[in-house]
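Secondary and tertiary structure notes
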Number of protein chains: 2
Amino acid sequence: MQTVPPRSRQERVRDSRAALETSIDVWVATATTGEDGTVRPYLVPLSLAWLGERVVVALPADSRTTHGLRAAGSARLAVGPTRDVVMIDAVVERIEPVREAPELAERYAARSDWDPREDAGSYVFAVLRPERIQAWRESSELAGRTVMLEGRWLA
Amino acid sequence: MQTVPPRSRQERVRDSRAALETSIDVWVATATTGEDGTVRPYLVPLSLAWLGERVVVALPADSRTTHGLRAAGSARLAVGPTRDVVMIDAVVERIEPVREAPELAERYAARSDWDPREDAGSYVFAVLRPERIQAWRESSELAGRTVMLEGRWLA
């Protein structure tokens, strides 16, 4: 079935960087633990800004995603369609109110397709630092899918 | 910015059903708890089969997603691109080895784009029952996004 040869690591690093720089959205998977100890996975699409090698998203201060990021200190992200994915295991570098981060707000608004400063709600920025990134299209690319490890691009 | 009027609930129910019936992939968000109690979110794209009002995926028996499904008994799923999403909170109805589910394997192979019976690995089917489904395109559709509640379509 699969006839397209797998991309080299170098190609995947280049493609992953391009996807992060040009994509307008990111899937953000988080999880929280209920009072009874049950783990509750969560997932939403958010507007993405790739700034200084960080994934920056803006979200309501009291959203489930914000709670999950605070609780676990990590998230798993996906950029791209399901057959051309960039999967990111990221740690939460910081979460700060939009109104207290004017410089970041400026850069986010310039890069993203909306400006949380214009929203009446209480928004925060979550700055997520990628630790591991994997890139693959179809099953032929599952081997060699790691393009970043311990925060360092592999090519 | 947003000029397209939001869809009615009825339209969203119809669109969501169509997306489930025609989409070939689903994002599956799960989570596990580490030995130190840390919650670890996980996310992967998988091949989807919508069979009997259930999301059916096939995955390696020892994958992180399988472990997460077993541990939490639930998952959050997404079908469609980030600006036309069908978000599904699902419970794990059952997980069974592919080789012990010949009828399901037949239906899955007929609907999906691959056949786990042909793979040398040890695969299981996860049968996920939607409890809540939400559908939206842009922020104008966040209101009225719930199309299924407690397992029942709302239109």
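Being a predicted model, the structure only gives us computed values, none of them experimental.

1. Overview of the overall build of chain A
Helix and strand counts for chain A stand at three helices and nine strands. Put simply, chain A runs from its N terminus to its C terminus through helices and strands in the order α-β-β-β-β-α-β-β-α-β-β-β. The C-alpha radius of gyration of chain A comes to 16 Å, within 12% of the 15 Å expected for a compact globule of 155 residues. Counting only C-alpha atoms and orienting by the principal axes, one finds that chain A spans roughly 50 × 40 × 25 Å. In chain A, which comprises 155 residues, the share counted as buried stands at 50%. Across chain A, every contact between residues at least 6 apart in sequence was considered, and the portion connecting residues at least 24 apart equals 61%.

2. Quick look at the environment of G121 of chain A
By the element assignment, G121 of chain A lies in the loop between helix 3 (102-111) and strand 7 (123-136). With 45 residues separating them in the primary sequence, G121 of chain A and R76 of chain A have C-alpha atoms 25 Å apart.

3. Points about the interface of chain B and chain A
The partner chain A presents 29 residues to the 29 residues of chain B that form the contact. Buried area between chain B and chain A, summed over both chains or domains, comes out near 2,400 Å², and the portion from carbon and sulfur atoms is 63%. Counting across the interface, chain B meets chain A through four salt bridges. In this structure, R83 of chain B and D25 of chain A form a salt bridge, with 2.6 Å as the shortest nitrogen-oxygen distance. At the junction of chain B and chain A, the tally comes to eight residue pairs in polar contact (both at pLDDT 80 or more). For the side of chain B that touches chain A, the secondary structure elements donating two or more residues are strand 1 (25-33), strand 2 (39-47), strand 5 (74-79) and strand 6 (85-97) of chain B. Each residue belonging to the side of chain B that touches chain A can be placed in one class, and the counts come to 18 nonpolar, seven polar and four charged.

4. Considerations on helix 2 (residues 64-72) of chain A
Since the α-helix packs 3.6 residues into each turn, any two residues three or four apart lie on the same face. Residues and elements named next belong to chain A. Taken together, the buried positions of helix 2 are occupied by T65, T66, G68, L69 and A72. Within helix 2, the buried residues cover an arc of 165° as seen down the axis, which keeps them to one side. Every exposed residue of helix 2 that faces more than 90 degrees away from the buried side is listed here: R70 and A71. G73 lies just past helix 2 and shows a positive phi near 75°.

5. Some details on unusual backbone geometry
Positive phi, normally seen in glycine, also occurs at E150 of chain A, with a value near 50°. Structurally, the position occupied by E150 of chain A is in the loop between strand 8 (146-149) and strand 9 (152-153). Overall, the relative accessible area of 75% leaves E150 of chain A in the exposed class. Residue E53 of chain B is not a glycine yet carries a positive backbone phi of 65°.

Parameters and conventions
Residues numbered from 1 in each chain as written. Chains lettered and ligands numbered in written order. Predicted model: local features only at pLDDT ≥ 70, side-chain atom pairs only at ≥ 80, totals over all residues. Heavy atoms only, no water. Helix = DSSP H or I, 4+ residues; strand = E, 2+ residues; numbered from the N terminus. Rg over C-alpha atoms; globule rule 2.2 N^0.38 Å. Buried < 20%, exposed > 50% of the residue type's maximum accessible area, 1.4 Å probe, protein only. Contact = heavy atoms within 4.5 Å. Buried area = accessible area lost by both parts, 1.4 Å probe. Salt bridge = Lys/Arg side-chain N within 4 Å of Asp/Glu carboxyl O. Polar contact = N/O pair within 3.5 Å; in protein donor to acceptor, adjacent residues only side chain to side chain. Nonpolar A, V, L, I, M, F, W, Y, C, P; charged D, E, K, R; others polar. Arc of directions from axis to C-beta.

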